[in-house]
Amino acid sequence: MVQLLKKWLVCLVLLATSPLGAAPLLIGAEDDWAPYCERNKEDGQPRGLTPELVKAVFAAEGIEIVFRTLPFARCMHDAKSGKLAGCFNATITEENRNQYHWHDTPMFEEDLAIFALASDPQRDLKLTSLEGKRVGITLGYTYPTDFMENPRITRFQAKSDAQILEMLVRGRVDYILMNGMPGYLKIQQKLLTGKVIKVGKLSTDGFWLAFSRHHPQGEALAKRFEQGLQKIKNNGTYEWLVRDFEAKLGLH
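All chains use their own residue numbering, which begins from 1 and follows the written sequence. Owing to the predicted nature of the model, reporting of local features is limited to residues with pLDDT of at least 70; listing and counting of side-chain atom pairs is limited to 80 or more, with chain, interface and lining totals taken over all residues. Water and hydrogen atoms play no part in the side-chain values, which are based on all heavy atoms of the structure.

J.: Would you mind going over the pairing of strand β11 (residues 175–179) with me for this structure?
T.: In summary, the side chains of a regular strand alternate between the two faces of the sheet. Between buried and exposed lies partly exposed: a residue is buried under 20% and exposed over 50% of the maximum accessible area for its type, with that area taken using a 1.4 Å probe on protein chains only. Runs of H or I in DSSP of at least four residues are treated as helices and runs of E of at least two as strands, each being numbered from the N terminus. Most of β11 sits inside the fold, with five of its five residues counted as buried. Residues Tyr175, Leu177 and Asn179 of β11 are buried on one face, and the alternating residues Ile176 and Met178, pointing to the opposite face, are buried as well. Following DSSP output, two strands are said to pair if at least two bridges run between them. Here strand β8 (residues 108–117) runs beside β11; their pairing, made up of four bridges, is antiparallel. Within β11, the residue paired with Leu112 across the bridge is Asn179.

J.: How should unusual backbone geometry be read in this particular structure?
T.: Phi is mostly negative for residues that are not glycine, and the peptide bonds are mostly trans. Residue Pro35 is reached from Ala34 by a cis peptide bond, and omega for that bond is 5 degrees. Within the element layout of this structure, Pro35 appears in the loop between β2 (32–33) and β3 (37–39). Of the consecutive residues Phe88 and Asn89, the connecting peptide bond is found in the cis state with omega at 5 degrees. By the element assignment, Asn89 lies in strand β6 (residues 86–90). Phi is positive for Asp124, close to 55 degrees, though the residue is something other than glycine. Note on placement: Asp124 falls in the loop between β8 and β9 (134–138). According to the relative accessible area criterion, Asp124 is exposed, its value standing at 71%. With a phi angle near 60 degrees, Leu191 is a residue other than glycine that sits in the positive phi range. Inspection of the secondary structure puts Leu191 in the loop between α6 (180–189) and β12 (196–212).

J.: Explain the environment of Leu125 here, please?
T.: Looking at the secondary structure, you find Leu125 in the loop between β8 and β9. Leu125 sits in the buried class, given a relative accessible area of 5%. Note: C-alpha distance between Leu125 and Leu185 (60 residues apart in sequence) is 21 Å.

J.: Can you help me understand the domain arrangement of the protein in this one?
T.: It is common to give the size of an interface as the accessible area lost on bringing the parts into contact. With domains assigned, the protein is organised as domain 1 (45–108 + 206–249) and domain 2 (109–204). Any two residues having at least one pair of non-hydrogen atoms within 4.5 Å are treated as being in contact. Residue-level contacts link twelve residues of domain 1 with ten residues of domain 2. When a carboxyl oxygen of Asp or Glu is within 4 Å of a side-chain nitrogen of Lys or Arg, the pair counts as a salt bridge. At the junction of domain 1 with domain 2, the criterion picks out zero salt bridges. Any pair of nitrogen or oxygen atoms within 3.5 Å is treated as a polar contact; in protein, a donor-acceptor pairing is required on top of that, and neighbouring residues in sequence qualify only through side-chain atoms on both sides. Linking domain 1 to domain 2 there are one residue pair in polar contact (both at pLDDT 80 or more). Counting residues per element, the ones that place at least two in the side of domain 1 that touches domain 2 are α3 (72–81) and β12. Reported domain spans reflect what an automatic or database domain assignment gives.

J.: I'm lost on the nonpolar core in this one. Help?
T.: Most often, soluble globular proteins keep nonpolar side chains buried together rather than apart. One finds Ile27, Val54, Phe58, Phe88, Leu130, Leu177 and Leu209 to be the most contacted residues of the largest nonpolar core, which totals 57 residues. Counting residues domain by domain, this core receives three or more from each of domain 1 (45–108 + 206–249) and domain 2 (109–204). Contact partners of Phe58, with chain neighbours within four places excluded, come to Leu25, Ile27, Ile63, Ile65, Leu209, Phe211 and Phe225. To form a nonpolar core, buried Ala, Val, Leu, Ile, Met, Phe, Trp, Tyr and Cys residues must be joined to one another through side-chain atoms within 4.5 Å. The next biggest cluster of nonpolar side chains, apart from the first, holds 13 residues, and it includes Ile176, Ile187, Leu192 and Val196.

J.: When you look at α6 in this model, what are you seeing that I'm missing?
T.: Because an α-helix packs 3.6 residues into every turn, residues spaced three or four apart end up facing the same way. Turning to α6, its buried residues number three or more, namely Gly180, Pro182, Gly183, Leu185, Lys186 and Ile187. Buried residues along α6 sit in contact with β2, β8, α5 (161–169), β11 and β12. Positive phi shows up at Leu191, right after α6, with a value of about 60 degrees.

J.: Is there a simple way to explain the UniProt feature "domain: Solute-binding protein family 3/N-terminal" (unreviewed entry) in the protein in this structure?
T.: The sites that carry the UniProt feature "domain: Solute-binding protein family 3/N-terminal" (unreviewed entry) are, in the present numbering, residues 24–244. Along residues 24–244, the helical share is 32% and the strand share 31%, with 27 Å between the first and last C-alpha atoms. UniProt positions are given in the numbering used here, feature names are shortened, and annotations may be inferred rather than shown by experiment.

As structure tokens, then:
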């Protein structure tokens, strides 16, 4: 018992004196991407699947973190500049690939879906289907490079998914892009179920925690995060968190 206590104290000392354990890491969480992550209006903390996954991963590595909840574009900017150690939920594009440090395995995957008014006759749309059309997208979100650089697509930006939904309903755009589950939830919240539907998809994307290249431990943290992610996948924690998340959404 004494030897066990001594080993535990040594571990605590090593953690407290290590670069990663010197102080809690400040991690940025986006504030308006339910159900994966949104600001809890009561305490300002993030809630959803991703913050639970992030907490579990860092706990598996013995790293203490604190969250700062803020709009996604500001979150990524602050991570890029080094004000935050990292930010989620980010997708990797050609534009941002070299701007952050990335862990190898995405935390989860989600469709980038094309939504339209139910009266639109088109179905099974893809990237080329959007050429010559007006497409609403959310400011600060990351989209595939081939979509963003296609000169035959007219893109209109708004500050939130709720705003591009309103643009669609008012006929200001022909289509909008939203991730599948967050999109369906926003449609439900805006009482537009059956009026706005999914008519295609651009891609299935992974989502990562983007680590700052200006943080002194950014690269090391990305590697530690990958290690922790594999640990919670191997010990069943990851599966339990995902199934609990899906159960709360009534998916099973």
